[in-house]
Amino acid sequence: AGTAFQRSAWEVLRTIPYGATLSYGQQAAALGDPAKARAVGAANGRNPLSIVVPCHRVVAAGGALTGFAGGLDTKAWLLDHERQVLDDERQVIEKGEERVFNPDPSHATQLKEQRRARLTGCRVRKQFTHNGRLQWFHGTVEFKPQEHPPFRFETTYDDGDRELMSEAEVRRCL
């Protein structure tokens with residue numbers, strides 16, 4: 001599926017390393033014409049396999065998150081997730097622990113649980129409008145594994161209010 005240009009744009013997407021990003025202009029330059037950044041963005045938007053062929057790794061020239069069919073929160077989460085996995089791997093290497101590729105899905109689950117455990121109990125702050133004024137509210141994060149995916153973190157604010165948040169939202173409030 002797709003035009004010849006779209007397929008060539010999607011091939012460039014496959015070359016972006018896990019945890020890395022590329023700008024639309026850089027992707028267009030890889031195709032031979034840096035002026036076609038908008039055309040590349042349009043081609044990426046028609047990508048039928050957006051997670052397998054990772055169009056979420058393409059960002060604006062200044063690094064801003066733009067255009068993703070799954071929404072910008074999802075794009076931010078995917079990029080953050082990839083960076084977290086790489087950070088976890090770097091920590092293992094720095095500690096000198098031996099790491100062997102483990103195809104068992106429970107291994108990925110263990111990494112996710114470790115990340116979530118680091119967030120549980122963290123203090124967060126978030127700005128809200130309260131009585132017509134902007135105010136900062138502080139709260140504590142708790143992981144709720146069975147409730148409302150992807151909003152699996154519940155923040156209890158100091159005033160007693162509660163809010164469900166995604167992992168990406170929690171990280172932005174740290």
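Our structure is the block above this text.
Residues numbered from 1 in each chain as written. Predicted model: local features only at pLDDT ≥ 70, side-chain atom pairs only at ≥ 80, totals over all residues. Heavy atoms only, no water.

**Some remarks on the pattern of salt bridges**
Working step 1: Counted under the stated rule, the structure contains two salt bridges.
Working step 2: Taking the shortest distance from any N to any O, the salt bridge between Arg 14 and Glu 11 comes out at 3.6 Å. With a gap of three residues between them, Arg 14 and Glu 11 both fall in helix α1 (residues 4–14), about one helical turn apart.
Working step 3: Residue class for Glu 11 comes out partly exposed when judged on its relative accessible area of 48%.
Working step 4: One salt bridge in this structure joins Arg 57 and Glu 82, with 3.0 Å as the shortest N-O distance. With Arg 57 in the loop between α3 (37–45) and β2 (58–59) and Glu 82 in helix α4 (residues 72–94), this residue pair connects regions lying 25 residues apart in the sequence. Pair check on accessibility: Arg 57 and Glu 82 agree, each one buried. (Salt bridge = Lys/Arg side-chain N within 4 Å of Asp/Glu carboxyl O. Helix = DSSP H or I, 4+ residues; strand = E, 2+ residues; numbered from the N terminus. Buried < 20%, exposed > 50% of the residue type's maximum accessible area, 1.4 Å probe, protein only.)

**What about the packing of α1 against α3?**
Working step 1: The N-to-C vectors of α1 and α3 enclose an angle of 85°; their axes lie 9 Å apart at closest approach. On the basis of the axis angle, α1 is roughly perpendicular to α3. Here Phe 5, Gln 6, Ala 9, Trp 10 and Leu 13 of α1 lie close against α3, whose contacting residues are Ala 39, Val 40, Ala 43 and Asn 44.
Working step 2: Its residues assigned to classes, the contact of α1 with α3 shows seven nonpolar, two polar and no charged. (Axes fitted to C-alpha atoms, helices over the stretch in contact; angles between N-to-C directions. Parallel < 35°, antiparallel > 145°, perpendicular 65-115°, else oblique. Contact = heavy atoms within 4.5 Å. Nonpolar A, V, L, I, M, F, W, Y, C, P; charged D, E, K, R; others polar.)

**Quick notes on the nonpolar core**
Working step 1: In this structure, Trp 10, Leu 13, Ile 16, Tyr 24, Ala 28, Val 40, Val 53, Cys 55, Val 58, Phe 68 and Leu 78 together form the largest nonpolar core, which totals 11 residues.
Working step 2: Mapped onto this core, the elements with two or more residues apiece are α1 and α2 (24–30).
Working step 3: When near neighbours in sequence (up to four residues on either side) are disregarded, Leu 13 contacts Gln 27, Asn 44, Asn 47, Val 53, Pro 54, Cys 55 and Val 58.
Working step 4: Listed in part, the eight residues of the second largest apolar core include Val 124, Val 141, Tyr 157 and Val 170. (Core = buried A, V, L, I, M, F, W, Y, C linked by side-chain atoms within 4.5 Å.)

**Comments concerning the pairing of strand β6 (residues 162–165)**
On any regular strand, side chains alternate: one points to one face of the sheet, the next to the other face.
Working step 1: A one-sided burial pattern is seen for β6, the buried positions being Glu 163 and Met 165 and the unburied ones Arg 162 and Leu 164.
Working step 2: Relative to β6, strand β5 (residues 153–157) is paired through four bridges, and the arrangement is antiparallel. Note that in β6 the partner of Phe 153 across the bridge is Met 165. (Pairing = 2+ DSSP bridges.)

**Quick word on the environment of Ser 23**
Working step 1: Relative to the assigned elements, Ser 23 resides in strand β1 (residues 22–23).
Working step 2: For Ser 23, a relative accessible area of 11% corresponds to the buried category.
Working step 3: Spatially, the C-alpha atom of Ser 23 lies 5.2 Å from that of Ala 61, the residues being 38 residues apart in sequence.
Working step 4: Each residue touching Ser 23, except ones within four places of it in the same chain, is listed here: Val 58, Val 59, Ala 60 and Ala 61.

**Description of α3**
Working step 1: Buried within α3 are the following residues: Val 40, Ala 43 and Asn 44. On an axial view of α3, the arc spanned by its buried residues comes to 100°, and they lie on one face. Seen from the open side of α3, the exposed residues pointing more than 90 degrees away from its buried face are Arg 38 and Gly 45.
Working step 2: Where α3 is buried, its residues contact α1, α2 and β2. (Arc of directions from axis to C-beta.)

**Topic: a nonpolar patch on the surface**
Working step 1: Residues Leu 49, Ile 51 and Val 52 make up a contiguous nonpolar surface patch of about 300 Å² in total accessible area.
Working step 2: Judged by relative accessible area, Ile 51 falls into the exposed class, the value being 52%. (Patch = residues over 30% accessible without salt bridge, like charges linked within 9 Å, V, L, I, M, F, W, Y side chains within 5 Å. Areas by Shrake-Rupley, 256 points an atom, 1.4 Å probe, with all protein chains shown as cover.)

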